[in-house]
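# Summary of structural features
As a plain string of letters, each chain reads:
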Amino acid sequence: MDIDTRLLRYFVAVAEEGHLTRAARRLYISQPALTKQIKQLEQQLGVELFVRSRSGMALTEPGRVFAEHAPAVLAGWDHLLRVTKSGASHAGKVLRIGFVASAANEFTPEIIAAFRRAHPEWRVDMREFGWLDPTAGLADGEVDAALVRLPFPGEDAYHTRELFTEPRWIALPATHRLAEAAEIEFRDLWDEPFVAAPPEAGGWRDFWMGLDARPAETAVIGAIGHNTDEWLTAIANGFGLSFTPAASARYYPRPGIVYRPVRGIGPSRVAIAWPGACDANPVVQEFIRCCVQVCVTSRN
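Criteria and cut-off values
Residues numbered from 1 in each chain as written. Predicted model: local features only at pLDDT ≥ 70, side-chain atom pairs only at ≥ 80, totals over all residues. Heavy atoms only, no water. Phe/Tyr/Trp six-rings, centres within 6.5 Å; stacked < 30°, edge-to-face > 60°. Buried < 20%, exposed > 50% of the residue type's maximum accessible area, 1.4 Å probe, protein only. Lys NZ or Arg CZ within 6 Å of the ring centre and 35° of its normal. Core = buried A, V, L, I, M, F, W, Y, C linked by side-chain atoms within 4.5 Å. Helix = DSSP H or I, 4+ residues; strand = E, 2+ residues; numbered from the N terminus. Contact = heavy atoms within 4.5 Å. Pairing = 2+ DSSP bridges. Axes fitted to C-alpha atoms, helices over the stretch in contact; angles between N-to-C directions.

### A word on the packing of aromatic side chains
Taken as a whole and judged by the stated rule, the model has 12 aromatic pairs. An angle of 35° between the planes, with centres 6.1 Å apart, marks the rings of phenylalanine 152 and tyrosine 158 as tilted. Pair check on accessibility: phenylalanine 152 and tyrosine 158 agree, each one buried. Each ring, one from phenylalanine 186 and one from tryptophan 190, has its centre 6.1 Å from the other, and the planes form 75°; the classification is edge-to-face. What makes tryptophan 190 buried here is its relative accessible area of 16%. Put simply, the rings of Phe186, Trp190, Phe194 and Phe243 touch in pairs and so form one group of aromatic residues. Here the guanidinium or amino end of arginine 214 rests over the ring plane of phenylalanine 194, the centre of that ring lying 4.9 Å away.

Given below as structure tokens:
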């Protein structure tokens, strides 16, 4: 019997959280999608893994046996996948670095230049990932390290070093009633529709709608954006507003859209993240050192 490792990850999350909603938030997927995947796993195994109740999800006896062994299976598979991909890349002296959106902003070219001075024989392969993978390739072992924005799904499974913080600004149509304000109070945005990432992005989507600083019931979604272009188009068309890093005002200027600072909400944190297996990799560690040296030194 062949079982998709994704189903194992979903099972482990539900078993550890004991609750579908918390597990879905942790996995950055919707609760209905998670329920469907757990049922699919039970059908493939031919056993009931959970007893469902209003208070949560309790493991059955077969479920407890499965939960005892599933994490080791996943850990072994992840290690095999990562070392295989990394080995092929490193044989050609290529360092794979993932990033989401603007990565480390204007620091990125300087970081790469510093790394190449230390390792001129290596090439840095920068790989951009969309909104549906806020881990920037870490989760699938596609990269050796990643420039990410905290928080991101599965963050606890990796080592991270925060490089700098950046204010969350609001992007809104130029015709919006608040477009002329020099600075906007977050409370004044609670009733506004937002352009959001797809539901599969889970907690990542919540953060960029400001749900870490306001009641969830105040969130109204006016449109869904799967990538930067869809996001900008929806805002320009007046379908909603969106939080975004302050750097977006420099990276994504567009007619019909203005960016404004917001009072009353915390910043976005930019970090370099890497799997623990790369702690002993001197090339990856040198890249991390370059990130810290460039970003921290420049900010001080």
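### Topic: the nonpolar core
Judged by nonpolar contacts, the single largest core of 43 residues is most densely connected at Val148, Ile170, Leu172, Leu189, Trp231 and Phe243. Elements that contribute at least two residues to this core include exactly strand E5 (145-150), strand E7 (168-173), strand E9 (193-196), helix H6 (203-207), helix H7 (228-236), strand E12 (257-263) and strand E13 (268-274). Apart from residues no more than four positions distant in its own chain, leucine 189 is found in contact with Ile170, Leu178, Ile184, Phe194, Arg214, Leu241, Phe243 and Val262. Ala103, Val124, Trp274 and Val292 belong to the second largest nonpolar core, which has 29 residues in total.

### Things to note about the pairing of strand E11 (residues 242-245)
When a strand is regular, its side chains alternate between the sheet's two faces. With burial as the criterion, each face of E11 is covered, one bearing Ser242 and Thr244 and the other bearing Phe243 and Pro245. Where E7 and E11 come together, four bridges link them in antiparallel fashion. Each bridged residue has a counterpart across the sheet, and for arginine 168 the counterpart in E11 is proline 245.

### With respect to the environment of serine 30
Within the secondary structure, serine 30 sits in the loop between helix H2 (20-27) and helix H3 (31-45). What makes serine 30 partly exposed here is its relative accessible area of 25%. Placed 170 residues apart in sequence, serine 30 and glutamate 200 show a C-alpha to C-alpha distance of 5.7 Å. Residues in contact with serine 30, not counting those within four places in the same chain, are Ala24 and Pro199.

### As for the sheet that holds E11
Spatially, four strands are ordered E8-E12-E7-E11 in an open sheet, and the strand pairing comes out mixed. The open sheet is flanked by strand E8 (184-185) and E11, the only strands paired with a single partner. Along the sheet, H7 makes contact with E7, E11 and E12, crossing E12 at roughly 90°.

### Describing the sheet that holds E13
To summarise the sheet geometry, strands pair through backbone hydrogen bonds and adopt either a parallel or an antiparallel arrangement. Across the sheet, five strands lie side by side as E4-E3-E5-E13-E6; this open sheet has mixed pairing. The open sheet has two edge strands, strand E4 (123-129) and strand E6 (159-166), and neither has a second partner. Averaged over all neighbouring strand pairs, the angle between strand axes comes to 25°, with direction disregarded. In this structure, E6 lies alongside E13, joined through seven bridges in antiparallel fashion. Note on E13: the bridge partner recorded for glutamate 162 is alanine 271. Sheet strands touched by helix H5 (residues 107-118): strand E3 (94-100), E4 and E6. Its angle to E4, the strand with the most contacts, is close to 150°.

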